[in-house]
Amino acid sequence: MRILAIDHGTKRMGIAISDELKMIAHPIEFIPAEPFGGFLARLKELLRDKEVELILVGMPRNMNGSYGPAALKVQDFVAALKGAVTVPIETWDERLTSAQANRFLIEGNVRREQRKEKVDKMAAAILLQSYLDSRTA
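Residues numbered from 1 in each chain as written. Predicted model: local features only at pLDDT ≥ 70, side-chain atom pairs only at ≥ 80, totals over all residues. Heavy atoms only, no water.

Chemist: Would you mind showing me how to read the pattern of salt bridges here?
Modeler: Pairing between side chains becomes possible if they bear opposite charge and their charged atoms approach one another. Applying the stated criterion across every chain yields a total of seven salt bridges. Put simply, Glu20 and Arg2 hold a salt bridge, and the shortest N to O gap is 3.4 Å. Of this pair, Glu20 sits in the loop between β2 (12-18) and β3 (25-32) while Arg2 sits in strand β1 (residues 2-7); the two residues are 18 residues apart in sequence, bridging distant segments of the chain. For Glu45, the salt bridge goes to Arg42, with nearest N and O atoms at 2.8 Å. Linking Glu45 with Arg42, this pair stays in helix α1 (residues 36-49), spanning three residues, or about one helical turn. (Salt bridge = Lys/Arg side-chain N within 4 Å of Asp/Glu carboxyl O. Helix = DSSP H or I, 4+ residues; strand = E, 2+ residues; numbered from the N terminus.)

So this is what it looks like as structure tokens:
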């Protein structure tokens, strides 16, 4: 069984998956956020095909640890997900994951137009790896 992570965005949802041992996160794709029905259909395919036991959703927090307007959108998203899937859902602090993903891609000499397509799934992988590392520490 695996853990699937979602980096929530208004345009794209970054998706990453753990290996079966739950030690390493792998970025797999992004799914357009709209229409929500299309997103859910693809998510359900992934949940079934990858044998997912937990969905991890990135929860944006301000640098001081407080929650802002983006966190409210994620809470609404999580509530909608809970009504649509049976897999348990948890949230995880995602502060700076997109910035870190961008930095990794820049350091890897990924061109700007390609970074736009890869940053969301990379952010999801960073989020998931942080969660996986916290479980073994």
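Chemist: What should I look at first to understand the nonpolar core in this one?
Modeler: Formed by 24 residues in total, the largest nonpolar core has its most connected members in Leu4, Ile6, Phe39, Leu43, Ile55, Val57 and Leu81. Elements represented by at least two residues in this core include exactly β1, β2, α1, β4 (52-59) and α2 (69-84). Core analysis: the next-biggest nonpolar cluster, separate from the first, contains twelve residues, Leu54, Ala124, Leu128 and Tyr131 among them. (Core = buried A, V, L, I, M, F, W, Y, C linked by side-chain atoms within 4.5 Å. Buried < 20%, exposed > 50% of the residue type's maximum accessible area, 1.4 Å probe, protein only.)

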